[in-house]
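For reference, the chains in residue letters:
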Amino acid sequence: MRVKKQKRHRRAVRFYTSCFGFRQPFKVLCDGTFVHNLIVNRVAPADKALSNILGGSVKLFTTRCVLEELKRLGSAYSESLQAAHKLMIARCDHEDKKSAEACIAEIIGENNPEHFFVATQDFGLRKKFREVPGVPLIFGLRNALFLEPPSAFQHEFVKTSEEQRLHATELEYKMLKNRTKSTSTNEESGHSSDENKGPGEMQPVKKDSARRRMDGKDRPQFKRKKAKAPNPLSCKKKKKDVNPKPSSDKESNAGNNATRSRSRKRKRSRKSKNLTEMDSQ
């Protein structure tokens, strides 16, 4: 049961915050009957109990007319009067003293501009505020506190206000009509001036075209990218010749002479060896 109760309260608070702009800390306007119910059932501290219901920080208010009404009720309500004095006092603009019900109704007005949660045990007052948009109601039942779900009237009020936001108002509709008329008259005047001019007459160059040309000149001209050489690391290296050919005839002749000299020296060495062998014999 507790979980269902908390879900109902969260749903109701979400409705008032999203549709009517209620914000934390929530302001709760208490009358004498609600304060007396808290004292009789020992619901303390009251601000903590209300913050658990609403899921946020809370400020408790009352009015001077409520305090005067509790004074008139006598000693039976002296304890509740002391508790009411501890609450913050909401400003009521009327000079003459009124009943607590009339005072709270005047503060709430037609659309509850101060975003008050009204806490009362008076069933007639709760029934009256169900027909006022954006007025959440709190009441006590023994030692438990409850937040009433939004009434059918409040749901219908939210739907109609959303539909009105989607549609254009009379002033906006008239403004759109005037704009369309002015644009059509300007177009007709431009066509008539073009027809009056002869075929040989030169038409003046528009400033917009000249501005566009100037803008084209001032714009930075981007250079095209040229084709680059291939990456040298990705290319294969050229193979070098192991036996390069001589560059000229002189180099070839010099090489032949060197080989001949080497062969002659070798022949001489062989003859010397043969002569030494003959002498020894």
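- The name that an unreviewed UniProt entry assigns to the chain is UTP23 sensor motif region domain-containing protein, with the source organism given as Hevea brasiliensis.
- Per UniProt, the chain has the following entry under Sequence similarities (unreviewed entry): "Belongs to the UTP23/FCF1 family. UTP23 subfamily."
- On record in UniProt, under Function (unreviewed entry), the comment for the chain is "Involved in rRNA-processing and ribosome biogenesis."

1. Digging into the side chain of S80
Part 1: Topologically, S80 is positioned in helix α5 (residues 78–85).
Part 2: Residues in contact with S80, not counting those within four places in the same chain, are V35, H36, I39 and L70.

2. Some points on the sheet that holds strand β2 (residues 58–62)
Part 1: Pairing in this open sheet of six strands is mixed, and the strands run β3-β2-β1-β4-β5-β6 from one edge to the other. Strands at the two margins of the open sheet, each flanked by one partner only, are β3 (88–89) and β6 (144–147).
Part 2: Contacts from helix α1 (residues 2–20) reach β1 (26–30) and β6, with the element oriented near 40 degrees to β6.
Part 3: Along the sheet face, helix α3 (residues 46–54) touches β1, β2, β4 (116–119), β5 (137–141) and β6 and points at about 120 degrees away from the line of β2.

3. Considerations on the pairing of β6
Part 1: As paired elements, β5 and β6 share four bridges and run antiparallel to each other. Bridging from a neighbouring strand, F139 pairs with F146 of β6.

4. Overview of the nonpolar core
Part 1: Ranked by size, the top nonpolar core spans 50 residues in total, and within it V28, L54, F129 and I138 carry the most contacts.
Part 2: At six residues, helix α6 (residues 100–108) tops the list of elements feeding residues into this core.
Part 3: Dropping the residues within four chain positions of it, I138 is found in contact with V28, F34, L50, L54, F117, V118, A119, T120, F146 and L147.

5. Concerning the packing of aromatic side chains
Part 1: Considering all chains together, one arrives at nine aromatic pairs under this definition.
Part 2: When the ring of F15 is compared with that of F20, the centres are 5.9 Å apart and the planes differ by 65 degrees; the resulting orientation is edge-to-face.
Part 3: Classification of F15 as buried rests on a relative accessible area of 13%.
Part 4: Judged by relative accessible area, which is 16%, F20 ranks as buried.
Part 5: Where F61 meets F116, the ring centres are 5.6 Å apart and the plane angle is 75 degrees; that geometry is what we call edge-to-face. Taken together, the positions of F61 in strand β2 and F116 in strand β4 put the pair 55 residues apart, joining distant regions of the chain.
Part 6: Overall, the relative accessible area of 9% leaves F61 in the buried class.
Part 7: Among the aromatic residues, ring-to-ring pairing joins F15, Y16, F20, F22, F26, F117 and F157 into one connected group.
Part 8: Sitting over the ring of F116, K27 keeps its end group 5.1 Å from the ring centre.

6. Thoughts on the pattern of salt bridges
Part 1: Tallied over the full model, the rule gives seven salt bridges.
Part 2: Where K98 meets E106, a salt bridge forms, and the shortest distance between an N and an O atom there is 2.9 Å.
Part 3: Where R130 meets E148, a salt bridge forms, and the shortest distance between an N and an O atom there is 3.0 Å. Placement of R130 in the loop between α7 (123–129) and β5 and of E148 in the loop between β6 and α8 (152–166) is noted, with a sequence separation of 18 residues between them.
Part 4: Each member of the salt-bridge network shares a partner with another, and the members are R126, R130 and E148.

Here is what the cut-offs are and how they apply
- Residues numbered from 1 in each chain as written.
- Predicted model: local features only at pLDDT ≥ 70, side-chain atom pairs only at ≥ 80, totals over all residues.
- Heavy atoms only, no water.
- UniProt positions renumbered as here; feature names shortened; annotations may be inferred.
- Helix = DSSP H or I, 4+ residues; strand = E, 2+ residues; numbered from the N terminus.
- Contact = heavy atoms within 4.5 Å.
- Pairing = 2+ DSSP bridges.
- Axes fitted to C-alpha atoms, helices over the stretch in contact; angles between N-to-C directions.
- Core = buried A, V, L, I, M, F, W, Y, C linked by side-chain atoms within 4.5 Å.
- Buried < 20%, exposed > 50% of the residue type's maximum accessible area, 1.4 Å probe, protein only.
- Phe/Tyr/Trp six-rings, centres within 6.5 Å; stacked < 30°, edge-to-face > 60°.
- Lys NZ or Arg CZ within 6 Å of the ring centre and 35° of its normal.
- Salt bridge = Lys/Arg side-chain N within 4 Å of Asp/Glu carboxyl O.

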